[in-house]
Amino acid sequence: MPMLLSTVYRCVDLISDSVSVLPLKTYKLDKEGFKSEYKEHPAYYLLDLEPNEDMTRFVFFKVLMVSVLLTGNGYAYIERDGNLNVHQLIYIPSEKVSIEWITDKRGIMRKRYRVTGFTNLVEPRDMIHVLNFSYDGIMGVSTLTHARQTIDIATSSEESAAGFFKSGGAISGVLTVEGARMNDEQKDQIYQTWYERMEKHPNGIAVLEGNMRYQPIKISPQDQQLLESRLFNVSDICRFFSVSPVKAFDLSKSSYSTVEATQLQYLTDTVLSVISKIELEINRKLFLPSERGMVIAEFDTSAILRTDKKAQAEYWKNMFYTGGATPNEIRRENNLPRKDNGDNAFVPVNVQTLDMAIQQKTVDNIGNSIQENQEENERE
């Protein structure tokens, strides 16, 4: 199985974990587009805590993304209550879902989902369908499908390496018996004796009879470029998953600056596209038509910075000095208690709007004129 390859396992585990750790918040939008958390909405805790009675948010998005990457498609059935509000998101393995086309009254072909165990076809509005790479926008294609040749080569390399090390690093050779003709039974006995000796004593020596001679075949793992091919396989598989080899723990050509830049590149090139797929699919199907444009669900990507204290501190510092966050808002996001008088936003005193600058200039001019008149009167 491809998941037995360490690079494939790491890439799938990394991408699925990166999505699973992000809180998925439900927001209410006002007329000007400003967002506030909408905790009263039925979908709020369902999306952020428990999509269904069997899974937490982490487990749900973990298995959904694993299915997307390995099979090309990730499915979740939207179970609704009597008011058509979402009640549960039920993960469905991709092998239990198929696409069927029906013709409506106007003769237009419409897509429906056939789910094993369901009596009726499922309408698209009741099925979360996250696609991997797709040629037609209807069905996704597994990353493994495109990487099949590379993965087969990598698997062969791993099997070759396993066989090499299992034999104790011994290279192949020819054992000859001079001046004698042996039957098949005698040959099998020599094979068995030699195998048992090398298995119990790898890299050891073997005692040969006087008329026996061992001639090694001079092909080493280096000559086969076994190690080099295994390193290449890591990079090649990572390309298919849009993951830097550094994220797959291949540090052969990395430095501190490379690791730092890789994290930002990974977030923008890999994670952002994945979470955008999920957000768009949820927002167009989960909420009622009357709520569109007023209620949305978004992943909170700031959770990624939770372990990077330096970046987190710099972010909140900039938010504070631009009036973007109050002290209590910053304390709330860092799990600190509320402070008295901490609900006001602050800005530096040397920063002001252009209107205020013009107004202040006018006041200064008036003040200077008054002062000049007073000084002139005193001189008279």
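Locating Asn-283 in the fold gives a position in helix 8 (residues 256-285). Here Ala-297 takes part through its backbone nitrogen, which lies 2.7 Å from a polar atom of the side chain of Asn-283.

Once that is clear, we can look at the environment of Thr-326. Structurally, Thr-326 is set in the loop between helix 9 (309-321) and helix 10 (327-333). Given a relative accessible area of 10%, Thr-326 falls into the buried group. As a C-alpha pair, Thr-326 and Asn-341 span 15 residues in sequence and 9.9 Å in three-dimensional space. Excluding residues within four positions of it along the chain, Thr-326 makes contact with Gly-342, Asp-343, Asn-344 and Ala-345.

Compared with the 21 Å implied by 1.5 Å per residue over 15 residues, the 21 Å span of helix 3 (residues 57-71) between its first and last C-alpha is a close match. Regarding helix 3, the residues found buried are Arg-57, Phe-60, Phe-61, Lys-62, Leu-64, Met-65, Ser-67, Val-68 and Leu-69. Once helix 3 finishes, Gly-72 follows within two positions and takes phi at roughly 95 degrees, a positive value.

Our next topic: the sheet that holds strand 12 (residues 295-299). What the three strands build is an open sheet, ordered 2-1-12; its pairing is antiparallel. One side of each edge strand has no neighbouring strand; the edge strands of this open sheet are strand 2 (35-37) and strand 12. The average undirected angle you get between the axes of adjacent strands in this sheet is 45 degrees. Here strand 1 (residues 24-29) runs beside strand 12; their pairing, made up of five bridges, is antiparallel. Considered in strand 12, the bridge of Lys-25 is made with Glu-298.

The rules behind these values
Residues numbered from 1 in each chain as written. Predicted model: local features only at pLDDT ≥ 70, side-chain atom pairs only at ≥ 80, totals over all residues. Heavy atoms only, no water. Helix = DSSP H or I, 4+ residues; strand = E, 2+ residues; numbered from the N terminus. Polar contact = N/O pair within 3.5 Å; in protein donor to acceptor, adjacent residues only side chain to side chain. Buried < 20%, exposed > 50% of the residue type's maximum accessible area, 1.4 Å probe, protein only. Contact = heavy atoms within 4.5 Å. Expected span 1.5 Å × (residues − 1). Pairing = 2+ DSSP bridges. Axes fitted to C-alpha atoms, helices over the stretch in contact; angles between N-to-C directions.

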